[in-house]
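Structural characterization, general
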Amino acid sequence: MTLLGAGADGQVDARLVLPEPGVALGNITGLPGRSDFRITGQFRLTLARSELRQSLAIGSVADAAVGIGFPGAAVGPDRLTALHIEKTHRWDEARTTIDLRMRYDSPELGGAFQVATVAPLRSWLDTLPEPGPEQGEIRLLGRGGDEARVQVTGGGGGGDEIGGWLDLRGDGIRDALLRGTWLDAGVASGVFFADYSRWGRGDAYAYDPQSFALRPAIVGGDTLPTNATFTFQFTRPVAGAQRWRWWLAELGRPLSISDPVIERPVQVEVIGALVKVRPVQPLLYSRRYELRLDTGEALGGGQVIRATTGGALTVNDGSLGRFSTPNVLDPQSTLFLRQTVKAGAALEAEALAPIAPGSPPVRYRWTQVGGTPLTIARADERVTQIALAAGARGIGSSTVRLTVGMDGTDQTESADFVLRTVADTSDAWFGRLRIPADLDNASAQPREYWSGPAVGSLTAILQGDRISLAYREQADPAHPNGDWRIELRSADGRPLQPGRYASAFSSTWFQRPAGVPSLDITSGAMMLPSVQGEFVIHELQVDAGGNIGRLALDFVAPSSSFLPVTSSGSVRIRSGWALPP
């Protein structure tokens, strides 16, 4: 093959040479005698594209000559000269057209014929040529006025589908009639008429007048550029498309579940069976989108689309597909873990937005927008260090904002992250929980959660044999483990007193022994099981109303022997009792 020319829009011009012994077209079963016939010769291949059409031409040059025959046969191969076969797809009409011209020289038939397509073969996309008068008629003119005609008379649904006649000497007398089916035509019935562009089909073996399909322009999970446009190809012209309403639903950032859904306008151009959709404004980076459609006719939770030829299809829920834009401006950070900044130790923070190869550089900016004073080193870099500033006191919280941008665009994205700060434990009361970092992962290392009067409220009550502690987070109310509750009960029903209470189980543990203390810990919405845990009350003062005014409590709660995860914690209310290490 020699490439004669190629264009950026997909146009190709090439010359193909098939030297002796040629290319075998395959062993054709069911034929008598030899079945390894071969093709030799040379011809030109031209593929042309435009917005509304695509064509493939074979031949197209005066020196195109193709031989088809059986090697070693008594007669020479049939030869095709002055060959021109052109197959054209019209996307706006949803039509495929096939045109044929050539000189057909057959030694076995003893003559040559001039072949021309009187009426080009026309089909809808993804079907065989439809039957109809003067549809797909091929004429062969031979020596002495001989004339043959081949016509499409059916649509692949049974019976005679290909018809024709032979008039010897051109005297108007039909000396022979031709009858056949598309299956008789072999590969031509399902392959030659197929559309091999994306989402086209090559398995149509019958004509269905009600056939109607939509080729997807969006595949679920696609990542598309911010200047994306969408081309929807139907296999029939659509009816009433000017009245449809299209829009883009912006679903938020890739990892967000709380961003509001925003409706974005689009421009729509309907060209017969082709619909082009273009956002009015460029899409944003790091966003999820869904293209939606309302045709004004709903059926079973879907939107009905009708073809001008009578077929119909339904778009489920009116959704034409979801996609994302490149995730290069999502201001995610390691701070989403709600980490703690302690006195004397810097916390490393890293932006997690992926760096797309070949994309413009991303800009970063870390700032504090409230709370306990912090220092931020290298505030304009992807990775930074955050520490408590001088003068910080007690247990508090700070909010750090990460802003990301990109060269060449005005789009910036920001996210705020709440940090707990622990400068010292001199508050009137404070609490510390150590629970698994991932409550569903038994091997996860515990993470500390600190609380104090500057960031939340604590209710502490002694009632009978039970101590109930309930903390409500106020500085970071969205914290999934911010709120916590602890309930302690004695084993004998008597009021709790300072001392050690061993072999403490959760009150709901399915193998809880009789006569043991209870230790129930709830972090957020998750109850953490206690199996043979213990709690130690170092100090306890209660007023006449049962309100606890002073408390020093430490507890340990192993979950089970086969899930070796331990939760622990300490609560101090106006107590100078030292914390455990």
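Residues numbered from 1 in each chain as written. Predicted model: local features only at pLDDT ≥ 70, side-chain atom pairs only at ≥ 80, totals over all residues. Heavy atoms only, no water.

What follows covers the overall build of the chain. Along the backbone of the chain there are one helix and 43 strands. Against the compact-globule benchmark of 25 Å for 581 residues, the chain has a radius of gyration of 39 Å, which places it well outside the compact range. Its C-alpha atoms give the chain principal-axis dimensions of roughly 125 × 55 × 50 Å. By the burial criterion, 44% of the 581 residues in the chain qualify as buried. Within the chain, contacts between residues separated by at least 24 positions form 55% of all contacts whose residues are at least 6 apart in sequence. (Helix = DSSP H or I, 4+ residues; strand = E, 2+ residues; numbered from the N terminus. Rg over C-alpha atoms; globule rule 2.2 N^0.38 Å. Buried < 20%, exposed > 50% of the residue type's maximum accessible area, 1.4 Å probe, protein only. Contact = heavy atoms within 4.5 Å.)

Our focus in this paragraph is the environment of Gly 296. As for its position among the elements, Gly 296 is in the loop between strand S21 (288–294) and strand S22 (298–299). Sequence separation between Gly 296 and Val 328 is 32 residues, and the spatial gap between their C-alpha atoms is 37 Å.

Of all residues in the chain, 92% have pLDDT values of 70 or greater, and the mean over the chain is 87. Put simply, helix H1 (residues 187–192) is where the chain has its lowest mean pLDDT, 64, and strand S18 (residues 262–264) is where it has its highest, 97. (pLDDT = per-residue confidence, 0-100.)

This part is about the packing of aromatic side chains. How two aromatic rings sit relative to each other is set out by the distance from centre to centre and by the angle between their planes. Enumeration according to the criterion identifies eleven aromatic pairs in this entry. On the numbers, 5.3 Å between centres and 50 degrees between planes, the contact of Phe 230 with Phe 323 is tilted. Taken together, the residues Phe 230 in strand S16 (residues 230–234) and Phe 323 in strand S25 (residues 319–324) connect sequence positions 93 residues apart. We classify Phe 230 as buried; its relative accessible area is 2%. By relative accessible area, Phe 323 is classed as buried at 3%. (Phe/Tyr/Trp six-rings, centres within 6.5 Å; stacked < 30°, edge-to-face > 60°.)

What follows concerns the sheet that holds strand S19 (residues 266–271). Read from one edge of the open sheet, four strands run S14-S16-S20-S19, paired in antiparallel fashion. Each edge of the open sheet carries a strand with a single partner, namely strand S14 (214–215) and S19. Pairing geometry for S16 and strand S20 (residues 274–279), over four bridges, is antiparallel. Residue pairing for S20: Gln 233 is matched across the bridge by Leu 274. (Pairing = 2+ DSSP bridges.)

This part covers the pairing of strand S33 (residues 429–436). Taking burial as the measure, the eight residues of S33 include seven buried ones, the bulk of the element. Pairing between S33 and strand S43 (residues 566–573): six bridges, direction antiparallel. Pairing of Gly 431 across the sheet is with Val 571, part of S43. Here six bridges tie S33 to strand S34 (residues 446–451), and the two strands are oriented antiparallel to one another. Within S34, the residue paired with Leu 433 across the bridge is Tyr 449.

Another aspect to go through is a nonpolar patch on the surface. Taken together, the side chains of Phe 336, Leu 337 and Leu 352 define a hydrophobic patch exposed on the protein surface, amounting to about 250 Å² of accessible area. Position of Leu 352 relative to the elements: it lies in the loop between strand S27 (347–350) and strand S28 (362–371). (Patch = residues over 30% accessible without salt bridge, like charges linked within 9 Å, V, L, I, M, F, W, Y side chains within 5 Å. Areas by Shrake-Rupley, 256 points an atom, 1.4 Å probe, with all protein chains shown as cover. Salt bridge = Lys/Arg side-chain N within 4 Å of Asp/Glu carboxyl O.)

Phe 230, Phe 232, Phe 234, Trp 246, Leu 291 and Ile 305 are the most contacted members of the largest nonpolar core, which totals 33 residues. Taken together, the elements giving at least two residues each to this core come down to S16, strand S17 (245–252), S19, S20, S21, strand S24 (312–316) and S25. Ignoring any residue separated from it by four or fewer positions in sequence, one finds Phe 234 in contact with Ala 94, Leu 125, Phe 212, Ala 213, Leu 214, Trp 244, Ala 273, Val 275, Ile 305 and Leu 313. The next biggest cluster of nonpolar side chains, apart from the first, holds 30 residues, and it includes Tyr 471, Leu 496, Ala 504 and Ala 557. (Core = buried A, V, L, I, M, F, W, Y, C linked by side-chain atoms within 4.5 Å.)

With that out of the way, let us pick up the sheet that holds strand S30 (residues 383–388). The three strands are arranged S27-S30-S29 in an open sheet whose pairing can be described as antiparallel. Whereas interior strands pair on both sides, the edge strands pair on one side only; in this sheet they are S27 and strand S29 (374–377). Across this sheet, the average inter-strand angle for adjacent strands is 30 degrees, counted without regard to direction. Of the pairings in the sheet, the one linking S29 to S30 comprises four bridges and is antiparallel in character. Counterpart to Ile 376 in the pairing with S30 is Ile 386. (Axes fitted to C-alpha atoms, helices over the stretch in contact; angles between N-to-C directions.)

Quick look at the pattern of salt bridges now. Scanning the entire structure with this criterion turns up 36 salt bridges. Measuring nitrogen to oxygen at the nearest pair gives 3.3 Å for the salt bridge that ties Arg 292 to Glu 290. Of the two residues, Arg 292 and Glu 290, both sit in the buried class. The partner of Arg 472 in a salt bridge is Asp 483, with the nearest N and O atoms 3.5 Å apart.

We now examine the side chain of Glu 130. Along the chain, Glu 130 falls in the loop between strand S9 (121–124) and strand S10 (137–141). For Glu 130, a relative accessible area of 17% corresponds to the buried category. With residues near it in sequence (within four places) discarded, Glu 130 still touches Arg 95, Arg 122, Ser 123, Trp 124, Gln 135, Val 152 and Tyr 207.

Our next topic: the environment of Gly 515. Of note, Gly 515 is situated in the loop between strand S38 (499–504) and strand S39 (518–523). Measuring from C-alpha to C-alpha, the distance between Gly 515 and Asp 492 comes to 6.8 Å, with 23 residues separating the pair along the chain.

What follows covers the side chain of Thr 226. Along the polypeptide, Thr 226 turns up in the loop between strand S15 (222–223) and S16. Once residues within four sequence positions are removed from consideration, Thr 226 is found in contact with Pro 282, Leu 283, Leu 284, Tyr 285 and Thr 325.

Right, let's talk about the environment of Gln 11 for a bit. The topology assignment puts Gln 11 in the loop between strand S1 (2–6) and strand S2 (12–24). Sequence separation of Gln 11 and Ser 55 is 44 residues, and the distance between their C-alpha atoms is 9.6 Å. With near-sequence residues (within four places) excluded, Gln 11 lies in contact with Gly 5, Ala 6, Leu 47, Ala 48 and Arg 49.

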